[in-house]
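Breakdown of the fold
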Amino acid sequence: MSTSRVPVPDGSDFPIENLPYGVFDPGEGSRIGVAIGAHVLDLPAVSGRLPSTVAEALAAPTLNPFLELGRSAWQETRQRIIGLLSTDEFDRLPDGALHEIESVDMRLPFEPGDYVDFYSSIEHATNLGKMFRPDSEALLPNWRHLPVGYHGRSSSVVVSGTAVRRPSGQLKPLDVPPAYAPTAELDVELEVGFVTGPGNALGEPIPIERAGDHIFGLVLVNDWSARDIQRWEYQPLGPFLGKSFATSVSPWVVTLEALSPFLTAAPDQDPPPLDYLRTPENWAVDLELEVVIQSPGMDEPIVISRTNFSRMYWTMAQQLAHLTSNGTNVRPGDLYASGTVSGADPGSYGSLIEMTWGGERPISLTDGTDRRFLEDGDTVILRGWCDRPGEVRIGFGECVGTVVAGPG
Ligand code: CA
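Sequence order as written defines residue numbering, which begins from 1 separately in each chain. For a predicted model such as this one, the threshold for reporting local features is a pLDDT of at least 70, and the threshold for listing and counting side-chain atom pairs is 80 or more; totals across whole chains, interfaces and linings nevertheless cover every residue. Side-chain numbers here rest on the full set of heavy atoms in the structure, without hydrogens or water.

Overview of the packing of aromatic side chains
Stacked, edge-to-face and tilted are the three classes for Phe, Tyr and Trp ring pairs, Trp counted by its six-membered ring, which pair at centre distances within 6.5 Å; planes under 30 degrees apart are stacked, over 60 edge-to-face, the rest tilted. Tallied over the full model, the rule gives nine aromatic pairs. Look at Trp74 and Phe216: their rings are 4.9 Å apart centre to centre, the planes differ by 75°, and that puts the pair in the edge-to-face class. Of the two residues, Trp74 is situated in helix α3 (residues 71-86) and Phe216 in strand β14 (residues 215-222); the sequence distance between them amounts to 142 residues. When the centroid spacing of 5.4 Å and the interplanar angle of 70° are considered together, the rings of Tyr313 and Trp314 count as edge-to-face. Only protein chains enter the calculation, and the probe is 1.4 Å; a residue is then buried if its accessible area is under 20% of its type maximum, exposed if over 50%, and partly exposed in between. You can call Tyr313 buried: its relative accessible area is 5%. Taking relative accessible area as the criterion, Trp314 reaches 3% and is therefore assigned buried. An aromatic cluster of three or more residues is present, and its members are Tyr21, Phe66, Trp74 and Phe216. Criterion for a charge above a ring: Lys NZ or Arg CZ within 6 Å of the ring centre, and within 35 degrees of the ring normal. Here the guanidinium or amino end of Lys172 rests over the ring plane of Trp232, the centre of that ring lying 5.9 Å away. Between the NZ or CZ atom of Arg231 and the centre of the ring of Phe132, over which it lies, the distance is 5.6 Å. To qualify as a helix, a DSSP run of H or I must reach at least 4 residues; to qualify as a strand, a run of E must reach at least 2; elements of each kind are numbered from the N terminus.

Encoded structure:
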């Protein structure tokens, strides 16, 4: 692999093997860049060194036109950027082509026309089933046959760093009538989302063996959830306002190319899926994940959960093949979230409702308080990184959100 001419600090999420795409604002509007070490390479500033069709797409204030170009254009651009950062070409970069990440504001990297949230962790689905439907089977009969999901709300997908206002909604405690009030059960969901490249024509499903042509890269997703609103509203049509008030994504889209050394086999599925959901390709990602929390009274954030994305029951390729199996169309820049990533033990659960088991076992924080659910002022940070022997570690950066009081 090439050596970056831009210094990359030890342990950086962004070595030259990564080169994730984002949209940054240096104070004069949104521009597309790639992260390298502690810097961002300003792609419009080096457009003369890029293929002309790509240069035009990268002049946009969002990644969508670039996502539409497809895999060969993405691969060519990646090779050109590696050349710019690792050869004598680096000495001829224009002034201002590199910015310190700390000196710029990050924007939402893509404009999601559609947002879908899956439910693909068997541990999470089992835990929620036990809590929401204690008198029946935890997993509903369809769960092992298809990747369950619902269409979410794209308008409230926000970039990391955006404050999350505590939503109000209809709450219905046992034995009393419903009332409209601020949620008392604001939760996080640790998820990983994929962002689509070229779409499919309406009426033409994406076969699972073509999924790789349509997936550009991955982001961390915090699918904030109001459990009390959710519990009352969700039957029979599924999540609605308990989920649609905010969905945070990390600012850097890590490409499938960068992740290729970390693709691995998904867990065995029982029963075997139907043919349209079968593929011999490795579609699980060996991606370490953690959930971190800091209240205003804490000096340092603490890790409250750690898990790995590779054990998800349903893969991205299966999700995309299933989603389009009725012929519906996806478009460049759509966001498809995995569902909460939970492991088998409580230290690896991806939501507070699981970690505290519905609030029965509060988490102790280092400021002397404890949490069943989030309080105003709490900051939640999701982190993700890939690291295996013989490979250079690549990271996703952080997906951060602070809870603030709602209106009124
Ligand atoms: Ca979710």
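Here's the deal with the pairing of β14
Among the eight residues in β14, eight count as buried, and that is most of the element. Both strand β13 (residues 190-196) and β14 contribute to a ladder of seven bridges, which runs antiparallel. Bridged to Glu191 within β14 is Val221. Here two bridges tie β14 to strand β17 (residues 254-255), and the two strands are oriented antiparallel to one another. The residue bridging Gly217 from the neighbouring strand is Thr255, located in β17. Note that β14 and strand β16 (residues 247-249) share two bridges and pair antiparallel. Within the sheet, the bridge partner assigned to Asn222 lies in β16 and is Ser248. At least two bridges found by DSSP between two strands is the condition for calling them paired.

So, the domain arrangement of the protein chain
An automatic or database domain assignment supplies the residue ranges for each domain. For the protein chain, the domain assignment lists domain 1 (21-107) and domain 2 (115-404). Computed over C-alpha atoms, the centres of domain 1 and domain 2 are 29 Å apart. Throughout, a residue-residue contact means that at least one pair of heavy atoms, one from each residue, lies within 4.5 Å. Contacts between the two partners involve 19 residues from domain 1, matched on the other side by 18 residues from domain 2. Here domain 1 meets domain 2 over a buried area of about 1500 Å², counting both sides, of which 67% is carbon and sulfur. Note on definitions: buried area is the accessible-area loss of two parts on being combined, 1.4 Å probe, summed for both. When the buried area of domain 1 at its contact with domain 2 is split by residue, Tyr21, Leu67 and Arg71 rank highest and sum to 39% of it. Throughout this description, the term salt bridge denotes a Lys or Arg side-chain nitrogen within 4 Å of a carboxyl oxygen of Asp or Glu. Seen at the junction of domain 1 and domain 2, the total is one salt bridge. A salt bridge links Glu257 to Arg71; the nearest nitrogen and oxygen atoms lie 2.7 Å apart. Counting of polar contacts relies on pairs of N or O atoms within 3.5 Å, with two restrictions inside protein: one atom must be capable of donating a hydrogen and the other of accepting it, and residues adjacent in sequence are counted only when both atoms are side-chain atoms. Here domain 1 is connected to domain 2 by six residue pairs in polar contact (both at pLDDT 80 or more). Note on residue categories: nonpolar means Ala, Val, Leu, Ile, Met, Phe, Trp, Tyr, Cys or Pro, charged means Asp, Glu, Lys or Arg, and polar means any other residue, Gly included. Taken together, the residues that form the side of domain 1 that touches domain 2 break down as ten nonpolar, five polar and four charged.

With respect to the nonpolar core
By nonpolar core is meant a set of buried Ala, Val, Leu, Ile, Met, Phe, Trp, Tyr and Cys residues that side-chain atoms within 4.5 Å join together. Counting residues in hydrophobic clusters, the biggest one holds 60 residues, and the most contacted among them are Leu218, Phe309 and Leu374. Aside from chain neighbours lying at most four places away, what touches Leu218 is Val192, Gly193, Phe194, Trp252, Val253, Val254, Leu256, Leu259, Val285, Phe309, Met316 and Phe396. Counting 39 residues, the second largest nonpolar core, distinct from the first, contains Leu19, Val46, Leu50 and Ile81.

Section: the side chain of Asp42
Mapped onto the secondary structure, Asp42 falls in strand β3 (residues 39-42). With a relative accessible area of 3%, Asp42 lands in the buried category. There is a polar contact of 2.8 Å between the side chain of Asp42 and the side chain of Arg31. Residues contacting Asp42, with those up to four places away along its chain left out, are Phe24, Arg31, Ile32, Gly96, Ala97 and His99.

Considerations on unusual backbone geometry
Generally, phi is negative for residues other than glycine and the peptide bonds are trans, each holding for most cases. Of note, the bond from Gln235 into Pro236 is cis; its omega dihedral lies within 30 degrees of zero at 5°. For Pro236, the position within the fold is in the loop between α5 (227-233) and β16. Cis geometry marks the peptide bond from Asp270 to Pro271; its omega dihedral reads 5°. Here Pro271 is to be found in the loop between β18 (263-264) and β19 (284-285).

Considerations on the environment of Thr77
By secondary structure assignment, the location of Thr77 is in helix α3. Judged by relative accessible area, which is 0%, Thr77 ranks as buried. Taking the C-alpha atoms as reference points, Thr77 and Thr369, 292 residues apart in sequence, are found 49 Å from one another. Other than its neighbours up to four places away in sequence, Thr77 contacts Tyr21, Val54, Leu58 and Phe66.

Quick look at the side chain of Asp286
Mapping Asp286 onto the fold places it in the loop between β19 and β20 (288-294). Classification of Asp286 by relative accessible area gives buried; the value is 16%. Of note is the side chain of Asp286, whose polar atom sits 2.9 Å from the side chain of Asn308. Polar side-chain contacts of Asp286 include one of 3.1 Å to the side chain of Arg388.

Considering the sheet that holds β20
Taken together, five strands build an open sheet; the order of strands is β9-β26-β25-β20-β21 and the sheet is mixed. Of all the strands in the sheet, the pair left with one neighbour each is β9 (164-165) and β21 (302-308). Looking at chain direction, β20 and strand β25 (residues 379-386) are connected through seven bridges and run antiparallel. Bridging across to β25, Leu289 finds its partner in Gly384.

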